[in-house]
Structures are given as structure tokens and as C-alpha cells.
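One-letter residues, chain by chain:
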Amino acid sequence: AQSVAQPEDQVNVAEGNPLTVKCTYSVSGNPYLFWYVQYPNRGLQFLLKYITGDNLVKGSYGFEAEFNKSQTSFHLKKPSALVSDSALYFCAVRDRSGNTPLVFGKGTRLSVIA
Amino acid sequence: NAGVTQTPKFQVLKTGQSMTLQCAQDMNHNSMYWYRQDPGMGLRLIYYSASEGTTDKGEVPNGYNVSRLNKREFSLRLESAAPSQTSVYFCASSEEAGGYTIYFGEGSWLTVV
């Protein structure tokens, strides 16, 4: 079975400081990994994904994430947070083997304080 | 390019009533999905359709039925609504499964009283 853990329900960071939103995963094989962002009363928007290749993935709005196979992690990072980054962030995973759909974590609410 | 369109956006139902949530995508995607979002639960997959003509149960299918009407449209039906089905419902689509990006609609807020 595949699963995703986002250990922090809430992350608070000051504007201009670096931010990290944590994600760990569990799959039987190798993963496809995704990050999505959700603004209030909106659908989820795709930020970035890891498919293969370079472990550091760059995505929209200056976000990046690093795939770490030994730690089974895919933490989302941004060097300098903006107030407009405040939103709900979801990590998702899919096992490359088999035909199972994407599984989402419970989400982490990011608050960037001016 | 509208992407994934869901209707209705808001609906209030009485317990026992039925309704259908409609979803259409204009990206020529093969796979479509229905998720529900509840506070503290993240997104949970209700049903998905890997390709036209196929549907499969997800994590929380009880109380729901789906129809993949054609390649563009994937509807979700509540036959006898229950208060536990109060949630925000999201339709989504992707070109295929695997590593393809899933694109979401804007959501349908359903309240069952």
C-alpha cells in the first residue's frame, strides 16, 4: 500500500525567511511525487513533481522540492517566503508499479506573517 | 481553455435526497477522478476512471455511484444523501495515470441536512 505523511498541520514563517513543508512517503516500489497548493475556496493547483532524474525539482512560484530516496522524503522549500504563499499544501505519491491512483497527504497549512 | 468544470458549485440536500455532480474536462484526458475533502482528512479518492468505459472504486466509495458518460464527462451520484456526505467534492483529470499531472476543478460544496 502507498501512503503519504505530512507531519505538521501548520507551519508559520516570517515573510522573507526560508520555508520548508515536510513530506514523507511509503510505497512498495519507486515513487512519483507531487506537490499541490490550495488557496481558500479554490481547487488544488499543481506546483511541481518528481518523475525521474535530478533529485532537486523546481516548480511554480519559486518553490522547489528535493527527492531523498534514503529518507523517503520530498520536502517542499522556498528560499524567501511571501505573504501570498499562505495556503494549504498537499503532498501526493503514486507507486510506479501497478495501477494505483495518486494518494494525498492530509495537508499542511502555511501561514506567512508580514 | 476551461480545464475541469464542475457543477453545481453549491448544493444543500435533505437526508435521503439524491443528486448528481457533473464534471467535464476539455483537455482530452483519458483518466478522471472524484475526490472528497474533509477537514483534517486531506483528499480521499471516491472513484476513478482510468479510461473511457472503465470505473474503479477508490478509498471511500460507499454511498456513491459514478458514470463515465464519454471521454469528457464523469458524473458522481449520491443515491440517498446522508449527513456524513457533507463535504467538498473535487473532480480531476489527467492524461494517463502514472506520472502525469492531475488537474482539478474548483470544487462543489455539498451540505446534507
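Residues numbered from 1 in each chain as written. Chains lettered and ligands numbered in written order. Predicted model: local features only at pLDDT ≥ 70, side-chain atom pairs only at ≥ 80, totals over all residues. Heavy atoms only, no water.

K.L.:
Is there a simple way to think about the overall build of chain A in this case?
P.N.:
Within chain A one finds zero helices and twelve strands. Taken from the N to the C terminus, the helices and strands of chain A come in the order β-β-β-β-β-β-β-β-β-β-β-β. When the backbone C-alpha atoms are referred to their principal axes, chain A occupies close to 45 × 30 × 20 Å. Classification of the 114 residues of chain A by burial places 45% in the buried group. Looking at charge distribution, chain A has the averaged site of its 11 positive side-chain charges lying 6 Å from that of its 8 negative ones. (Helix = DSSP H or I, 4+ residues; strand = E, 2+ residues; numbered from the N terminus. Buried < 20%, exposed > 50% of the residue type's maximum accessible area, 1.4 Å probe, protein only. Lys, Arg positive; Asp, Glu negative; His and termini not counted. Charge placed at Lys NZ, Arg CZ, Asp CG, Glu CD.)

K.L.:
Explain the interface of chain A and chain B here, please?
P.N.:
Counting residues at the interface gives 20 residues for chain A and 21 residues for chain B. Of the roughly 1,600 Å² buried between chain A and chain B on both sides combined, carbon and sulfur atoms contribute 56%. When residues of chain A are sorted by the area they lose upon contact with chain B, Leu 44, Pro 101 and Phe 104 of chain A head the list and together hold 27% of the total. There are one salt bridge connecting chain A and chain B. (Contact = heavy atoms within 4.5 Å. Buried area = accessible area lost by both parts, 1.4 Å probe. Salt bridge = Lys/Arg side-chain N within 4 Å of Asp/Glu carboxyl O.)

K.L.:
Honestly, the pairing of strand 5 (residues 31-38) of chain A in this entry has me stumped. Any pointers?
P.N.:
Each regular strand displays side chains that alternate between the two surfaces of the sheet. Residues and elements named next belong to chain A. Counting buried residues along strand 5, eight of its eight residues qualify, which places the element largely inside the surrounding structure. On strand 5, burial covers both faces: Pro 31, Leu 33, Trp 35 and Val 37 on one face and Tyr 32, Phe 34, Tyr 36 and Gln 38 on the other are all buried. The pairing of strand 5 with strand 10 (residues 87-95) spans eight bridges and is antiparallel. Within strand 10, the position partnered with Tyr 32 by the bridge is Arg 94. (Pairing = 2+ DSSP bridges.)

K.L.:
Help me out: how do you make sense of the state of the cysteines in this one?
P.N.:
For the coordinates displayed, the defined rule picks out two disulfides over all chains. Note that Cys 23 of chain A is cross-linked by a disulfide to Cys 91 of chain A, the S-S spacing being 2.0 Å. Because the torsion about its S-S bond is -65°, the bridge between Cys 23 of chain A and Cys 91 of chain A counts as left-handed. Taken as a pair, Cys 23 of chain A in the loop between strand 3 (19-21) and strand 4 (24-26) and Cys 91 of chain A in strand 10 lie far apart in primary sequence, 68 residues in all. Cys 91 of chain A shares its class with Cys 23 of chain A; the two are buried. A sulfur-sulfur separation of 1.8 Å characterises the disulfide bridge that pairs Cys 23 of chain B with Cys 91 of chain B. (Disulfide = S-S within 2.5 Å.)

K.L.:
I'm lost on the packing of aromatic side chains in this one. Help?
P.N.:
Here a ring pair, both rings aromatic, is described through the centre-centre distance and the interplanar angle of the planes. Per the stated rule, a full pass over the model turns up 16 aromatic pairs over all chains. Considering the side-chain rings of Phe 104 of chain A and Tyr 35 of chain B, the 5.4 Å spacing of their centres and the 85° angle between planes classify their relative orientation as edge-to-face. Residue Phe 104 of chain A is located in strand 11 (residues 103-104), and its partner Tyr 35 of chain B is located in strand 4 (residues 31-38); the two belong to separate chains. An identical accessibility class is assigned to Phe 104 of chain A and Tyr 35 of chain B; each is buried. By way of ring pairs, the aromatic residues Phe 34, Tyr 36, Phe 46, Phe 90 and Phe 104 of chain A together with Tyr 33, Tyr 35, Tyr 48, Phe 90 and Phe 104 of chain B are connected into one cluster. (Phe/Tyr/Trp six-rings, centres within 6.5 Å; stacked < 30°, edge-to-face > 60°.)

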